[in-house]
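# Architecture at a glance
Below are the chains, spelled out letter by letter.
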Amino acid sequence: MKIDEWLLEILACPSCKSPLRVEPEADELFCTSASCGLVYPVRDDIPVLLVDEARKS
């Protein structure tokens, strides 16, 4: 997965507005909020930031 650092700095969880982090081994973005904990898929290097597409970690 290839997401530019500048883009990662401005992306936020649509549910709780917390920053997102990348796991190097996964094609997913993880919400940094312990209370939210949603994981968003990345398809073809494009983050899919839809709550309906997210899963709980």
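Before any of the text, the structure's been laid out above.
Residues numbered from 1 in each chain as written. Predicted model: local features only at pLDDT ≥ 70, side-chain atom pairs only at ≥ 80, totals over all residues. Heavy atoms only, no water.

This part takes up the pairing of strand S2 (residues 28–31). Each regular strand displays side chains that alternate between the two surfaces of the sheet. Residues Glu28 and Phe30 point to one face of S2 and Leu29 and Cys31 to the other, with burial holding for every one of them. In the sheet, strand S1 (residues 20–22) pairs with S2 via three bridges, with the strands oriented antiparallel. For arginine 21, the partnering residue across the bridge sits in S2 and is phenylalanine 30. Here S2 folds back onto strand S3 (residues 38–43), and the loop between the two strands holds six residues, one of which, glycine 37, carries a positive phi near 65°. (Buried < 20%, exposed > 50% of the residue type's maximum accessible area, 1.4 Å probe, protein only. Helix = DSSP H or I, 4+ residues; strand = E, 2+ residues; numbered from the N terminus. Pairing = 2+ DSSP bridges.)

Turning to the pattern of salt bridges, a few remarks are in order. The final tally for this structure, using the stated rule, is three salt bridges. Linking glutamate 28 and arginine 55 is a salt bridge whose minimum nitrogen-to-oxygen distance equals 2.9 Å. On the criterion of sequence distance, the pair formed by glutamate 28 in strand S2 and arginine 55 in strand S5 (residues 55–56) is long-range, its members being 27 residues apart. For glutamate 28, a relative accessible area of 17% translates into the label buried. A salt bridge links glutamate 53 to arginine 43; the nearest nitrogen and oxygen atoms lie 2.9 Å apart. Of the two residues, glutamate 53 sits in the loop between strand S4 (46–47) and S5 while arginine 43 sits in strand S3, which places them ten residues apart along the sequence. The exposure class assigned to glutamate 53 is partly exposed, which follows from its relative accessible area of 37%. (Salt bridge = Lys/Arg side-chain N within 4 Å of Asp/Glu carboxyl O.)

A distance of 2.9 Å separates the side chain of glutamate 28 from the side chain of arginine 55, its partner in a polar contact. Excluding its chain neighbours within four sequence positions, the residues that come into contact with glutamate 28 are Met1, Arg21, Val22, Glu23, Val39, Tyr40, Pro41, Val42 and Arg55. (Polar contact = N/O pair within 3.5 Å; in protein donor to acceptor, adjacent residues only side chain to side chain. Contact = heavy atoms within 4.5 Å.)

Purely spatial values, then, with no claim about function.
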